[in-house]
Amino acid sequence: MSLSVDQKKAVISEVTEAIASAQAGILAEYRGLNVAQITALRTEARNAGVWVRVVKNNLAKRVIRGSDFECLTDHFTGPVIFSASEDPVSVAKVMAAFAKDNEKLKITAGAMNGALIDCAMIQRLSKLPGRDQLIARLMATIQAPIQKLAATLNEVPSKFVRTLCAVAEAKKAA
């Protein structure tokens, strides 16, 4: 079923808006997946902050022209699902995990910061810690010296009080 001109404009504007802030995008062939499986993929992706959409190839090629995803132009063949996110690791994690559970989803190519990435790179990206985990590690690393300093400064008066208590107990015993 063909889309009307207005529907095509709506799809183009939606995809343009979605990829405007995205740093990474992945294409995957979804031939053989049923509606329930694609819905499950969309749900997982939405929970991870990843945009996923089945887009007609000719419309997608128009949208990515002149963007960081232009290197994917030749890979829009057959039935493909296009996913994108601001966090390259999260889009790779979602797509790689779903492809692992569903053999019929085949990751074909990806783009990150204007460069084409292959399936092996997508798999390596999916094994990295996510943005939130990296921020948590950074904050723990920044906070560690301050905690150590506070513990060290607290130890001096504590040790002094313990010494006074020991001296007082020794005088009582004597």
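Structure: see above.
Below is a short write-up of the structure.

Parameters and conventions
Residues numbered from 1 in each chain as written. Predicted model: local features only at pLDDT ≥ 70, side-chain atom pairs only at ≥ 80, totals over all residues. Heavy atoms only, no water. Phe/Tyr/Trp six-rings, centres within 6.5 Å; stacked < 30°, edge-to-face > 60°. Helix = DSSP H or I, 4+ residues; strand = E, 2+ residues; numbered from the N terminus. Buried < 20%, exposed > 50% of the residue type's maximum accessible area, 1.4 Å probe, protein only. Contact = heavy atoms within 4.5 Å. Pairing = 2+ DSSP bridges. Axes fitted to C-alpha atoms, helices over the stretch in contact; angles between N-to-C directions. Patch = residues over 30% accessible without salt bridge, like charges linked within 9 Å, V, L, I, M, F, W, Y side chains within 5 Å. Areas by Shrake-Rupley, 256 points an atom, 1.4 Å probe, with all protein chains shown as cover. Salt bridge = Lys/Arg side-chain N within 4 Å of Asp/Glu carboxyl O. Lys, Arg positive; Asp, Glu negative; His and termini not counted. Charge placed at Lys NZ, Arg CZ, Asp CG, Glu CD. Core = buried A, V, L, I, M, F, W, Y, C linked by side-chain atoms within 4.5 Å.

This paragraph deals with the packing of aromatic side chains. According to the stated counting rule, one finds three aromatic pairs in the structure shown. Relative to Phe82, the ring of Phe69 lies with its centre 5.9 Å away and its plane at 85°, an arrangement referred to as edge-to-face. Remark: Phe82 occurs in strand S3 (residues 80-85) and Phe69 occurs in the loop between helix H3 (57-64) and S3; sequence separation between them is 13 residues. Residue Phe69 is classed as buried on the basis of its relative accessible area, which comes to 2%. Classification of Phe82 by relative accessible area gives buried; the value is 2%. Connected via pairs of aromatic rings, a cluster forms that spans Trp51, Phe69, Phe76 and Phe82.

A few words now on the side chain of Asp87. Looking at where Asp87 falls in the secondary structure, it is placed in the loop between S3 and helix H4 (88-101). Residue Asp87 is classed as buried on the basis of its relative accessible area, which comes to 17%. If we skip the residues at most four places from it in the chain, Asp87 touches Gly130 and Arg131.

Backbone hydrogen bonds are what pair the strands of a sheet, in a parallel or an antiparallel way. In space, the five strands of this open sheet follow the order S2-S3-S1-S4-S5, with antiparallel pairing throughout. Of all strands in the sheet, those bounded by a partner on one side alone are strand S2 (51-54) and strand S5 (115-117). On average, adjacent strands in this sheet sit at an angle of 20° to one another, irrespective of strand direction. Examined bridge by bridge, strand S1 (residues 24-29) and S3 share six bridges and lie antiparallel to one another. Counted as the bridge partner of Ala24 is Ser85 from S3.

Taken together, the side chains of Lys8, Lys56, Arg62 and Arg65 present a region of like positive charge at the surface. Its location among the elements puts Lys8 in helix H1 (residues 5-20).

A word on the nonpolar core. In terms of nonpolar packing, the biggest core is built from 23 residues, with Ile26, Leu41, Ile81, Met95, Leu105 and Ile107 touching the most fellow members. Of all the secondary-structure elements, those providing two or more residues to this core are S1, helix H2 (35-48), H4 and helix H5 (119-126). If you tally residues by element for this core, the top one is H4, at seven residues. Residues contacting Leu105, with those up to four places away along its chain left out, are Ala28, Glu29, Tyr30, Leu33, Met95, Phe98 and Ala99. One finds Trp51, Ile64, Ala84 and Ala111 within the second-largest nonpolar core, a separate group that totals 20 residues.

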